[in-house]
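# Descriptive analysis of the structure
Each chain is listed here by its residues.
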Amino acid sequence: MMAAFDILAFGACSFVAVAGALGMATTMSMFRSGIFLMASFIGVAGLFILLSADLIGLLQVMMYIGGFLVMILFMVLVMHDPGGAMMAGMELSPLERWFSKGLVPRDEATSAGQDDPASGEGRSHAGNRHEGHAMPHGEGRHGHARDHGGGAMPHGAHGGHAEHRHADHQHGDGGHGGMDMSMVTPVRPLAAWLAAAAGVVLVGMLFLRPAWPVTDAVPDPDSARRVGNLLMDKYMVAFEGAGFLILIGIFGAVLLARPSTHPDDPSRAAKAAVDAKPEAIRDDRLAPLAEAGGAPEPEHHGSHHGHEDHVG
Amino acid sequence: MTVPLTAYLVVAALLFAIGVYTVVAQRSAVMVLMGVEVLLNAIGLNVVAFWRFTAPTDYSAQVLAILVVTVGAIEMAIGLALVLLLYRQRRTVEVDAYTDLNG
(Lines give C-alpha, C1' and ligand atoms only; values in the text may rest on other atoms or scores of the structure.)
Protein backbone atom coordinates (compact mmCIF):
# COMPACT_ATOMS: atom_id res chain seq x y z
CA MET A 1 0.00 0.00 0.00
CA MET A 2 2.73 2.36 1.04
CA ALA A 3 4.83 1.33 -1.92
CA ALA A 4 2.01 2.03 -4.35
CA PHE A 5 1.49 5.43 -2.80
CA ASP A 6 5.20 6.18 -3.12
CA ILE A 7 5.25 5.25 -6.78
CA LEU A 8 2.06 7.19 -7.45
CA ALA A 9 3.33 10.30 -5.69
CA PHE A 10 6.67 10.07 -7.45
CA GLY A 11 4.98 9.69 -10.81
CA ALA A 12 2.68 12.64 -10.24
CA CYS A 13 5.43 14.93 -8.94
CA SER A 14 7.91 14.05 -11.66
CA PHE A 15 5.24 14.43 -14.32
CA VAL A 16 4.35 17.88 -13.01
CA ALA A 17 8.02 18.84 -12.83
CA VAL A 18 8.96 17.66 -16.33
CA ALA A 19 5.72 18.70 -18.01
CA GLY A 20 5.92 22.13 -16.42
CA ALA A 21 9.48 22.62 -17.60
CA LEU A 22 8.57 21.41 -21.07
CA GLY A 23 5.60 23.75 -21.20
CA MET A 24 7.82 26.57 -20.03
CA ALA A 25 10.25 25.90 -22.83
CA THR A 26 7.72 25.58 -25.62
CA THR A 27 4.80 27.89 -24.95
CA MET A 28 4.73 31.13 -26.87
CA SER A 29 3.47 33.39 -24.11
CA MET A 30 6.00 34.59 -21.58
CA PHE A 31 3.41 34.91 -18.84
CA ARG A 32 2.27 31.35 -19.37
CA SER A 33 5.89 30.31 -19.32
CA GLY A 34 6.14 31.78 -15.84
CA ILE A 35 3.08 29.88 -14.68
CA PHE A 36 4.41 26.65 -16.18
CA LEU A 37 7.66 27.29 -14.38
CA MET A 38 5.72 27.55 -11.13
CA ALA A 39 4.17 24.14 -11.81
CA SER A 40 7.65 22.75 -12.39
CA PHE A 41 8.89 24.22 -9.11
CA ILE A 42 5.96 22.71 -7.24
CA GLY A 43 6.69 19.32 -8.77
CA VAL A 44 10.32 19.49 -7.73
CA ALA A 45 9.29 20.60 -4.23
CA GLY A 46 7.06 17.53 -4.04
CA LEU A 47 10.01 15.36 -5.06
CA PHE A 48 12.10 16.94 -2.31
CA ILE A 49 9.43 16.14 0.25
CA LEU A 50 9.22 12.58 -1.08
CA LEU A 51 12.97 12.38 -0.53
CA SER A 52 12.25 13.39 3.11
CA ALA A 53 14.07 16.68 2.73
CA ASP A 54 11.10 18.66 4.03
CA LEU A 55 13.11 21.77 4.75
CA ILE A 56 14.43 21.98 1.19
CA GLY A 57 10.95 21.40 -0.19
CA LEU A 58 9.46 24.22 1.83
CA LEU A 59 12.43 26.42 0.99
CA GLN A 60 11.86 25.63 -2.67
CA VAL A 61 8.26 26.79 -2.46
CA MET A 62 9.10 29.91 -0.49
CA MET A 63 12.19 30.99 -2.39
CA TYR A 64 11.44 29.99 -5.93
CA ILE A 65 7.72 30.60 -6.04
CA GLY A 66 7.43 33.36 -3.49
CA GLY A 67 10.56 35.18 -4.56
CA PHE A 68 11.88 34.37 -8.00
CA LEU A 69 8.62 33.86 -9.74
CA VAL A 70 7.21 37.15 -8.52
CA MET A 71 10.39 38.81 -9.77
CA ILE A 72 10.10 37.05 -13.11
CA LEU A 73 6.45 37.88 -13.60
CA PHE A 74 7.16 41.47 -12.67
CA MET A 75 9.86 41.57 -15.33
CA VAL A 76 7.60 39.91 -17.86
CA LEU A 77 5.00 42.61 -17.37
CA VAL A 78 7.54 45.20 -18.44
CA MET A 79 8.29 43.24 -21.58
CA HIS A 80 7.10 43.66 -25.08
CA ASP A 81 4.16 41.36 -25.80
CA PRO A 82 4.11 39.37 -22.55
CA GLY A 83 0.97 37.46 -23.41
CA GLY A 84 2.17 36.30 -26.80
CA ALA A 85 -0.78 37.96 -28.50
CA MET A 86 1.28 38.63 -31.60
CA MET A 87 1.97 34.95 -31.92
CA ALA A 88 -1.74 34.17 -31.91
CA GLY A 89 -2.19 35.00 -35.59
CA MET A 90 0.63 32.75 -36.74
CA GLU A 91 -0.10 29.18 -37.50
CA LEU A 92 1.41 27.62 -34.45
CA SER A 93 -1.36 25.86 -32.65
CA PRO A 94 -1.09 22.51 -34.45
CA LEU A 95 2.64 22.50 -33.86
CA GLU A 96 2.14 23.34 -30.24
CA ARG A 97 -0.21 20.46 -30.00
CA TRP A 98 2.54 18.42 -31.52
CA PHE A 99 4.75 19.50 -28.70
CA SER A 100 2.33 18.44 -26.05
CA LYS A 101 2.18 15.07 -27.77
CA GLY A 102 5.93 15.03 -27.45
CA LEU A 103 5.50 14.71 -23.71
CA VAL A 104 4.51 11.08 -23.90
CA PRO A 105 7.78 9.33 -24.86
CA ARG A 106 9.79 11.10 -22.22
CA ASP A 107 7.43 10.11 -19.47
CA GLU A 108 7.41 6.56 -20.74
CA ALA A 109 11.16 6.47 -20.34
CA THR A 110 10.84 7.81 -16.82
CA SER A 111 8.24 5.33 -15.71
CA ALA A 112 10.12 2.49 -17.36
CA GLY A 113 13.17 3.37 -15.33
CA GLN A 114 11.03 3.39 -12.25
CA ASP A 115 9.20 0.14 -12.86
CA ASP A 116 12.13 -2.23 -13.21
CA PRO A 117 14.88 -1.04 -10.96
CA ALA A 118 16.84 -4.26 -10.71
CA SER A 119 17.17 -5.66 -14.22
CA GLY A 120 19.91 -3.99 -16.19
CA GLU A 121 18.40 -5.26 -19.40
CA GLY A 122 15.16 -3.41 -18.78
CA ARG A 123 17.12 -0.29 -18.11
CA SER A 124 19.08 -0.36 -21.31
CA HIS A 125 15.83 -1.07 -23.12
CA ALA A 126 14.30 2.02 -21.59
CA GLY A 127 17.38 3.99 -22.56
CA ASN A 128 17.05 2.84 -26.16
CA ARG A 129 13.42 3.73 -26.20
CA HIS A 130 14.19 7.17 -24.94
CA GLU A 131 16.83 7.65 -27.59
CA GLY A 132 14.55 6.42 -30.32
CA HIS A 133 11.89 8.90 -29.33
CA ALA A 134 14.26 11.74 -28.80
CA MET A 135 15.23 11.81 -32.46
CA PRO A 136 11.79 12.61 -33.87
CA HIS A 137 11.68 15.27 -31.19
CA GLY A 138 14.56 17.13 -32.72
CA GLU A 139 13.21 16.71 -36.22
CA GLY A 140 9.83 17.98 -35.17
CA ARG A 141 11.43 21.07 -33.78
CA HIS A 142 13.27 21.40 -37.04
CA GLY A 143 10.01 21.45 -38.87
CA HIS A 144 8.58 23.84 -36.37
CA ALA A 145 11.39 26.32 -36.83
CA ARG A 146 11.09 26.19 -40.59
CA ASP A 147 7.34 26.64 -40.51
CA HIS A 148 7.80 29.37 -38.05
CA GLY A 149 10.09 31.33 -40.34
CA GLY A 150 7.48 31.00 -43.05
CA GLY A 151 4.77 32.23 -40.74
CA ALA A 152 6.84 35.17 -39.65
CA MET A 153 7.60 36.30 -43.19
CA PRO A 154 4.31 38.06 -43.98
CA HIS A 155 4.47 39.83 -40.67
CA GLY A 156 7.92 41.18 -41.41
CA ALA A 157 6.72 42.48 -44.76
CA HIS A 158 3.81 44.03 -43.00
CA GLY A 159 5.99 45.84 -40.50
CA GLY A 160 8.19 47.15 -43.29
CA HIS A 161 5.28 49.20 -44.55
CA ALA A 162 6.08 52.72 -43.38
CA GLU A 163 2.53 53.95 -42.95
CA HIS A 164 1.48 50.95 -40.99
CA ARG A 165 4.36 51.45 -38.64
CA HIS A 166 3.30 55.00 -37.98
CA ALA A 167 -0.24 54.03 -37.18
CA ASP A 168 0.84 51.11 -35.07
CA HIS A 169 3.35 52.87 -32.95
CA GLN A 170 3.60 50.20 -30.33
CA HIS A 171 5.20 47.77 -32.73
CA GLY A 172 7.92 50.12 -33.86
CA ASP A 173 8.75 51.02 -30.27
CA GLY A 174 9.70 47.54 -29.33
CA GLY A 175 12.47 47.53 -31.90
CA HIS A 176 10.85 44.56 -33.58
CA GLY A 177 10.30 46.31 -36.89
CA GLY A 178 10.97 43.72 -39.53
CA MET A 179 12.00 40.82 -37.34
CA ASP A 180 9.91 37.82 -36.61
CA MET A 181 8.22 37.96 -33.24
CA SER A 182 8.94 34.48 -31.99
CA MET A 183 10.43 33.96 -28.59
CA VAL A 184 13.08 31.62 -29.88
CA THR A 185 16.25 32.18 -31.82
CA PRO A 186 17.03 30.70 -35.24
CA VAL A 187 19.34 28.21 -33.56
CA ARG A 188 16.31 26.47 -32.12
CA PRO A 189 16.79 23.16 -34.00
CA LEU A 190 20.41 23.13 -32.94
CA ALA A 191 19.35 23.79 -29.36
CA ALA A 192 16.82 20.96 -29.57
CA TRP A 193 19.50 18.59 -30.79
CA LEU A 194 21.86 19.78 -28.08
CA ALA A 195 19.26 19.30 -25.37
CA ALA A 196 18.29 15.88 -26.71
CA ALA A 197 21.97 14.91 -26.81
CA ALA A 198 22.49 16.14 -23.25
CA GLY A 199 19.44 14.24 -22.03
CA VAL A 200 20.42 11.06 -23.86
CA VAL A 201 24.00 11.25 -22.62
CA LEU A 202 22.94 11.87 -19.02
CA VAL A 203 20.33 9.12 -19.01
CA GLY A 204 22.69 6.78 -20.85
CA MET A 205 25.39 7.42 -18.29
CA LEU A 206 22.88 6.63 -15.56
CA PHE A 207 22.03 3.32 -17.12
CA LEU A 208 25.64 2.42 -17.82
CA ARG A 209 26.77 3.20 -14.29
CA PRO A 210 26.92 0.26 -11.88
CA ALA A 211 24.72 0.54 -8.82
CA TRP A 212 25.40 3.34 -6.38
CA PRO A 213 26.24 2.38 -2.78
CA VAL A 214 22.69 2.86 -1.57
CA THR A 215 22.17 2.55 2.18
CA ASP A 216 18.96 1.68 3.93
CA ALA A 217 19.46 4.19 6.73
CA VAL A 218 16.53 6.49 7.37
CA PRO A 219 17.20 10.17 7.96
CA ASP A 220 16.09 11.92 11.11
CA PRO A 221 12.48 13.06 10.57
CA ASP A 222 13.40 16.30 12.31
CA SER A 223 16.01 17.08 9.69
CA ALA A 224 15.49 20.83 9.87
CA ARG A 225 17.01 20.90 13.36
CA ARG A 226 20.06 18.96 12.16
CA VAL A 227 20.51 21.23 9.17
CA GLY A 228 20.24 24.30 11.37
CA ASN A 229 22.83 22.95 13.77
CA LEU A 230 25.17 22.19 10.88
CA LEU A 231 24.68 25.66 9.43
CA MET A 232 25.48 27.29 12.73
CA ASP A 233 28.32 24.97 13.60
CA LYS A 234 30.28 23.27 10.85
CA TYR A 235 29.27 25.47 7.93
CA MET A 236 29.30 28.75 9.79
CA VAL A 237 31.69 30.34 7.30
CA ALA A 238 29.60 29.28 4.32
CA PHE A 239 26.48 30.61 6.05
CA GLU A 240 28.05 33.98 6.77
CA GLY A 241 29.54 34.05 3.28
CA ALA A 242 26.11 33.45 1.78
CA GLY A 243 24.71 36.28 3.88
CA PHE A 244 27.48 38.59 2.74
CA LEU A 245 26.89 37.50 -0.86
CA ILE A 246 23.23 38.38 -0.56
CA LEU A 247 24.10 41.80 0.84
CA ILE A 248 26.57 42.55 -1.95
CA GLY A 249 24.20 41.14 -4.55
CA ILE A 250 21.34 43.35 -3.42
CA PHE A 251 23.63 46.36 -3.42
CA GLY A 252 24.70 45.51 -6.95
CA ALA A 253 21.15 44.97 -8.13
CA VAL A 254 19.98 48.27 -6.70
CA LEU A 255 22.97 50.05 -8.18
CA LEU A 256 22.28 48.53 -11.60
CA ALA A 257 18.56 49.14 -11.60
CA ARG A 258 18.77 52.71 -10.35
CA PRO A 259 18.38 55.33 -13.08
CA SER A 260 21.72 56.79 -14.00
CA THR A 261 22.56 60.25 -12.64
CA HIS A 262 24.49 61.21 -15.73
CA PRO A 263 22.60 64.01 -17.50
CA ASP A 264 23.09 62.52 -20.96
CA ASP A 265 21.74 59.16 -19.95
CA PRO A 266 18.72 58.10 -22.01
CA SER A 267 17.01 56.70 -18.94
CA ARG A 268 16.86 60.21 -17.53
CA ALA A 269 15.73 61.72 -20.78
CA ALA A 270 12.86 59.27 -20.96
CA LYS A 271 11.57 60.44 -17.61
CA ALA A 272 11.44 64.16 -18.50
CA ALA A 273 8.09 65.46 -19.66
CA VAL A 274 8.07 66.39 -23.32
CA ASP A 275 5.98 69.41 -24.26
CA ALA A 276 5.17 68.43 -27.80
CA LYS A 277 2.02 67.53 -29.64
CA PRO A 278 1.74 63.81 -30.28
CA GLU A 279 1.71 62.64 -33.83
CA ALA A 280 -1.71 62.61 -35.42
CA ILE A 281 -3.22 59.22 -36.05
CA ARG A 282 -3.92 58.89 -39.72
CA ASP A 283 -5.74 55.65 -39.92
CA ASP A 284 -7.18 54.28 -36.72
CA ARG A 285 -9.35 51.78 -38.55
CA LEU A 286 -12.48 52.86 -36.66
CA ALA A 287 -15.84 53.70 -38.12
CA PRO A 288 -16.33 57.35 -39.18
CA LEU A 289 -17.58 59.75 -36.55
CA ALA A 290 -20.95 60.33 -38.26
CA GLU A 291 -22.16 56.95 -37.14
CA ALA A 292 -20.90 57.41 -33.64
CA GLY A 293 -23.23 60.40 -33.22
CA GLY A 294 -26.30 58.19 -33.45
CA ALA A 295 -25.00 55.67 -30.98
CA PRO A 296 -25.99 57.18 -27.61
CA GLU A 297 -29.72 57.00 -28.27
CA PRO A 298 -30.15 53.22 -28.41
CA GLU A 299 -27.87 52.96 -25.45
CA HIS A 300 -30.14 55.23 -23.47
CA HIS A 301 -33.09 53.17 -24.58
CA GLY A 302 -31.42 50.03 -23.39
CA SER A 303 -30.58 51.46 -20.02
CA HIS A 304 -34.14 52.60 -19.60
CA HIS A 305 -35.30 49.07 -20.24
CA GLY A 306 -32.85 47.75 -17.76
CA HIS A 307 -34.13 50.15 -15.17
CA GLU A 308 -37.69 49.06 -15.76
CA ASP A 309 -36.72 45.43 -15.38
CA HIS A 310 -34.97 46.19 -12.21
CA VAL A 311 -38.04 47.90 -10.78
CA GLY A 312 -40.35 45.10 -11.92
CA MET B 1 12.38 3.26 -0.64
CA THR B 2 10.33 1.73 -3.38
CA VAL B 3 11.32 4.35 -5.92
CA PRO B 4 14.96 3.81 -6.89
CA LEU B 5 17.62 6.47 -7.04
CA THR B 6 17.89 6.11 -10.80
CA ALA B 7 14.31 7.31 -11.27
CA TYR B 8 15.05 10.56 -9.47
CA LEU B 9 18.25 10.98 -11.46
CA VAL B 10 16.36 10.43 -14.72
CA VAL B 11 13.88 13.17 -13.78
CA ALA B 12 16.78 15.47 -12.93
CA ALA B 13 18.46 14.66 -16.25
CA LEU B 14 15.27 15.48 -18.16
CA LEU B 15 14.94 18.75 -16.29
CA PHE B 16 18.56 19.54 -17.09
CA ALA B 17 18.06 18.82 -20.79
CA ILE B 18 14.97 21.05 -20.91
CA GLY B 19 16.90 23.77 -19.11
CA VAL B 20 19.75 23.57 -21.61
CA TYR B 21 17.26 23.80 -24.46
CA THR B 22 15.58 26.84 -22.92
CA VAL B 23 18.84 28.65 -22.27
CA VAL B 24 20.07 28.12 -25.82
CA ALA B 25 16.86 28.51 -27.78
CA GLN B 26 15.00 31.32 -26.11
CA ARG B 27 15.36 34.78 -27.49
CA SER B 28 14.31 36.83 -24.49
CA ALA B 29 16.74 37.32 -21.62
CA VAL B 30 14.02 36.70 -19.03
CA MET B 31 13.29 33.32 -20.57
CA VAL B 32 16.99 32.51 -20.45
CA LEU B 33 16.92 33.26 -16.72
CA MET B 34 13.92 30.95 -16.34
CA GLY B 35 15.96 28.23 -18.05
CA VAL B 36 18.78 28.80 -15.58
CA GLU B 37 16.28 28.31 -12.77
CA VAL B 38 15.28 24.95 -14.22
CA LEU B 39 18.96 23.98 -14.40
CA LEU B 40 19.42 24.89 -10.73
CA ASN B 41 16.34 22.85 -9.87
CA ALA B 42 17.80 19.83 -11.62
CA ILE B 43 21.05 20.26 -9.69
CA GLY B 44 19.22 20.53 -6.36
CA LEU B 45 17.18 17.45 -7.15
CA ASN B 46 20.37 15.51 -7.90
CA VAL B 47 22.01 16.65 -4.68
CA VAL B 48 19.04 15.80 -2.49
CA ALA B 49 18.46 12.45 -4.19
CA PHE B 50 22.08 11.45 -3.66
CA TRP B 51 21.87 12.59 -0.06
CA ARG B 52 18.78 10.52 0.60
CA PHE B 53 20.11 7.36 -0.98
CA THR B 54 23.81 7.31 -0.19
CA ALA B 55 24.36 9.34 3.00
CA PRO B 56 21.07 10.05 4.76
CA THR B 57 22.73 10.61 8.12
CA ASP B 58 25.02 13.40 6.93
CA TYR B 59 23.05 16.58 6.43
CA SER B 60 25.78 18.46 4.57
CA ALA B 61 23.94 17.84 1.29
CA GLN B 62 20.96 19.85 2.50
CA VAL B 63 23.29 22.68 3.42
CA LEU B 64 24.71 22.51 -0.11
CA ALA B 65 21.18 22.59 -1.56
CA ILE B 66 20.36 25.65 0.55
CA LEU B 67 23.50 27.37 -0.69
CA VAL B 68 22.58 26.53 -4.29
CA VAL B 69 19.19 28.15 -3.77
CA THR B 70 20.86 31.21 -2.24
CA VAL B 71 23.29 31.64 -5.08
CA GLY B 72 20.38 31.18 -7.47
CA ALA B 73 18.54 34.01 -5.73
CA ILE B 74 21.52 36.33 -6.09
CA GLU B 75 21.97 35.35 -9.73
CA MET B 76 18.31 36.07 -10.36
CA ALA B 77 18.39 39.49 -8.70
CA ILE B 78 21.54 40.59 -10.54
CA GLY B 79 20.36 39.12 -13.82
CA LEU B 80 17.00 40.84 -13.66
CA ALA B 81 18.64 44.13 -12.71
CA LEU B 82 20.94 43.79 -15.72
CA VAL B 83 18.00 42.99 -17.98
CA LEU B 84 16.10 45.98 -16.64
CA LEU B 85 19.08 48.24 -17.28
CA LEU B 86 19.59 46.92 -20.81
CA TYR B 87 15.88 47.19 -21.50
CA ARG B 88 15.89 50.78 -20.39
CA GLN B 89 18.79 51.61 -22.67
CA ARG B 90 17.82 49.65 -25.75
CA ARG B 91 14.07 49.04 -25.41
CA THR B 92 14.54 45.34 -26.04
CA VAL B 93 15.29 42.26 -23.96
CA GLU B 94 16.38 40.02 -26.80
CA VAL B 95 19.77 38.55 -26.21
CA ASP B 96 20.54 38.75 -29.94
CA ALA B 97 20.41 42.53 -29.67
CA TYR B 98 23.20 42.53 -27.13
CA THR B 99 25.88 41.03 -29.36
CA ASP B 100 27.82 44.28 -29.43
CA LEU B 101 28.52 43.77 -25.72
CA ASN B 102 30.74 40.90 -26.82
CA GLY B 103 34.19 42.27 -26.13
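Keep in mind that this is a model prediction, so the values were computed, not measured.

Conventions and cut-offs
- All residue numbers refer to positions counted from 1 along the written sequence of the respective chain.
- Here every chain gets a letter starting at A, and every ligand a number starting at 1, in the order they are written.
- In view of the model being predicted, local features appear only for residues whose pLDDT reaches at least 70, and side-chain atom pairs are presented and counted only at 80 or more, with totals across whole chains, interfaces and linings using the full set of residues.
- Only heavy atoms go into the side-chain values, all of them from the structure, while hydrogens and water stay out.
- Only centres within 6.5 Å qualify two rings of Phe, Tyr or Trp (six-membered ring in Trp) as a pair; their planes then separate them into stacked at under 30 degrees, edge-to-face at over 60, and tilted for everything else.
- Working definition: helices are DSSP H or I runs of at least four residues, strands are E runs of at least two. Numbering for both runs from the N terminus.
- Under the scheme applied here, a residue whose accessible area is under 20% of the maximum for its type counts as buried, over 50% as exposed, and between as partly exposed, the area being computed with a 1.4 Å probe on protein chains only.
- By nonpolar core we mean a set of buried residues, namely Ala, Val, Leu, Ile, Met, Phe, Trp, Tyr and Cys, connected to one another through side-chain atoms within 4.5 Å.
- UniProt positions are given in the numbering used here, feature names are shortened, and annotations may be inferred rather than shown by experiment.
- Lines fitted to C-alpha atoms define the axes, with helix axes restricted to the stretch in contact, and inter-axis angles between N-to-C directions lie between 0 and 180 degrees.
- Relative orientations are named as follows: roughly parallel for angles under 35 degrees, roughly antiparallel for angles over 145 degrees, roughly perpendicular for angles from 65 to 115 degrees, and oblique for any other angle.
- By definition, residues are in contact when any of their heavy atoms lie within 4.5 Å.
- Residue polarity follows a fixed list, in which Ala, Val, Leu, Ile, Met, Phe, Trp, Tyr, Cys and Pro are nonpolar, Asp, Glu, Lys and Arg are charged, and the others, Gly among them, are polar.

### Considerations on the packing of aromatic side chains
Residues and elements named next belong to chain B. Summed over the entire model, instances satisfying the criterion amount to four aromatic pairs over all chains. With 5.9 Å between their ring centres and 50 degrees between their planes, Tyr8 and Phe53 make a pair best called tilted. Of this pair, Tyr8 sits in helix H1 (residues 5-25) while Phe53 sits in helix H2 (residues 29-54), and the two are 45 residues apart along the sequence. Of the two residues, Tyr8 and Phe53, neither departs from the other in class, the shared state being buried. Taken together, a centroid distance of 5.9 Å and an interplanar angle of 50 degrees make the contact between Trp51 and Tyr59 tilted. There is no split in this pair, since Trp51 and Tyr59 are both buried.

### Considering the nonpolar core
The biggest cluster of nonpolar side chains holds 77 residues, and the ones touching the most others in it are Leu37 and Ile72 of chain A together with Tyr8, Met34, Leu45 and Val48 of chain B. Breaking this core down by element, the ones donating at least two residues are helix H1 (2-26), helix H2 (30-50), helix H3 (54-78), helix H10 (188-208) and helix H11 (223-233) of chain A together with H1, H2 and helix H3 (60-90) of chain B. The biggest single contributor to this core is H2 of chain B, with 14 residues.

### What to know about the UniProt feature "transmembrane region" (unreviewed entry) in chain B
Residues and elements named next belong to chain B. Under the UniProt annotation, "transmembrane region" (unreviewed entry) lies at residues 6-24, 31-51 and 63-87. A helix fraction of 100% and a strand fraction of 0% characterise residues 6-24, whose end C-alpha atoms lie 27 Å from each other. In this annotation, residues 63-87 is assigned 100% helix and 0% strand; the end-to-end C-alpha distance for the span is 36 Å.

### Here we look at the packing of H2 of chain B against H3 of chain B
Axes are the key here: two packed helices are described by the angle between their axes and the distance separating the axes. All names here are of chain B. Interaxial distance between H2 and H3 falls to 10 Å at its minimum, and their mutual angle equals 175 degrees. Comparing the axis directions of H2 and H3 gives the class roughly antiparallel. Taking contact as the criterion, the partners of Ala29, Val30, Leu33, Val36, Glu37, Leu40, Val47, Val48 and Trp51 in H2 are, on H3, Ala61, Gln62, Leu64, Ala65, Val68, Gly72, Glu75, Met76, Gly79, Leu80 and Val83. The residue makeup of the contact of H2 with H3, split by class, is 15 nonpolar, three polar and two charged.

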